Amino acid sequence: MLYSETVMDHFRHPRNVGIIENADGVGEVGNAKCGDIMKIYLKIDDGQVTDVKFETFGCGSAIASSSMATEMIKGQPVSRLLSLTNKAVVEALNGLPPHKLHCSVLAEEAVKAALKDYYDRNAIPYDPQSLPTTSCESCH
Ligand code: FES
């Protein structure tokens, strides 16, 4: 089968769908080639991600990737988000077909864009190398 059971499960029953009205960080990224868009909302208290929601207007792999990424960062210290990679998301999904790997990149970028927004809003210094300055490389 092309997609793992885990991918199908997260596609059919995505976790953490929605918006957070008073989010502490919001990140929106898009892929210029396929036109898919992903938005992540973070609620952060005492340096912990206490809530996370996403909206994805995109393919099934993008939905499954964002669902898995939100599950992976929920309850984690904010600093942990820096090390979230699309590779880890793909591994947690038990793989994605090669031509769908870019969909998981969108999830990593959306989480990091939301983290950057949180840092910027709170004037928290960070290494610019560690977070993308543009939300989506493929859009530029
Ligand atoms: Fe666009 Fe999957 S095809 S994110």
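Residues numbered from 1 in each chain as written. Predicted model: local features only at pLDDT ≥ 70, side-chain atom pairs only at ≥ 80, totals over all residues. Heavy atoms only, no water.

Caption draft 1: Quick peek at the overall build of the protein chain. Helices and strands together make up the secondary structure of the protein chain, namely 4 helices and 3 strands. The globule rule puts the C-alpha radius of gyration for 140 residues at 14 Å, and the 14 Å found for the protein chain is close to it. Oriented by its inertia axes, the alpha-carbon framework of the protein chain measures out at about 45 × 30 × 25 Å. The buried share among the 140 residues of the protein chain stands at 46%. For the protein chain, contacts bridging at least 24 residues in sequence account for 60% of all contacts bridging at least 6. Of the roughly 7000 Å² that the protein chain leaves accessible, carbon and sulfur atoms contribute 52%. Placing the 13 positive and 18 negative side-chain charges of the protein chain at their respective mean positions leaves the two points 3 Å apart. (Helix = DSSP H or I, 4+ residues; strand = E, 2+ residues; numbered from the N terminus. Rg over C-alpha atoms; globule rule 2.2 N^0.38 Å. Buried < 20%, exposed > 50% of the residue type's maximum accessible area, 1.4 Å probe, protein only. Contact = heavy atoms within 4.5 Å. Areas by Shrake-Rupley, 256 points an atom, 1.4 Å probe, with all protein chains shown as cover. Lys, Arg positive; Asp, Glu negative; His and termini not counted. Charge placed at Lys NZ, Arg CZ, Asp CG, Glu CD.)

Caption draft 2: Spatial organisation of helix α2 (residues 60-73). Here α2 is 14 residues long and its end C-alpha atoms lie 20 Å apart, about the 20 Å a rise of 1.5 Å per residue gives. Counting buried positions along α2 gives 11 out of 14 residues, so the element sits mostly inside the fold. By the burial criterion, the buried members of α2 are Ser61, Ala62, Ile63, Ala64, Ser65, Ser66, Ser67, Met68, Ala69, Thr70 and Ile73. Within two residues after α2, glycine 75 carries a phi angle of roughly 80 degrees, on the positive side. (Expected span 1.5 Å × (residues − 1).)

Caption draft 3: Seen up close, the pairing of strand β3 (residues 48-57). Relative to β3, strand β2 (residues 37-45) runs antiparallel, the two sharing 9 bridges. Paired with lysine 39 across the strands is glutamate 55, a residue of β3. (Pairing = 2+ DSSP bridges.)

Caption draft 4: Quick peek at the packing of aromatic side chains. Under the defined criterion, the tally for this structure stands at 2 aromatic pairs. Where tyrosine 118 meets tyrosine 119, the ring centres are 5.9 Å apart and the plane angle is 45 degrees; that geometry is what we call tilted. Of the residues examined, tyrosine 118 reaches a relative accessible area of 12% and is grouped as buried. Looking at tyrosine 119, the relative accessible area reads 8%, which means it is buried. Where tyrosine 119 meets tyrosine 126, the ring centres are 5.4 Å apart and the plane angle is 25 degrees; that geometry is what we call stacked. Put simply, the rings of Tyr118, Tyr119 and Tyr126 pair up and form one aromatic cluster. (Phe/Tyr/Trp six-rings, centres within 6.5 Å; stacked < 30°, edge-to-face > 60°.)

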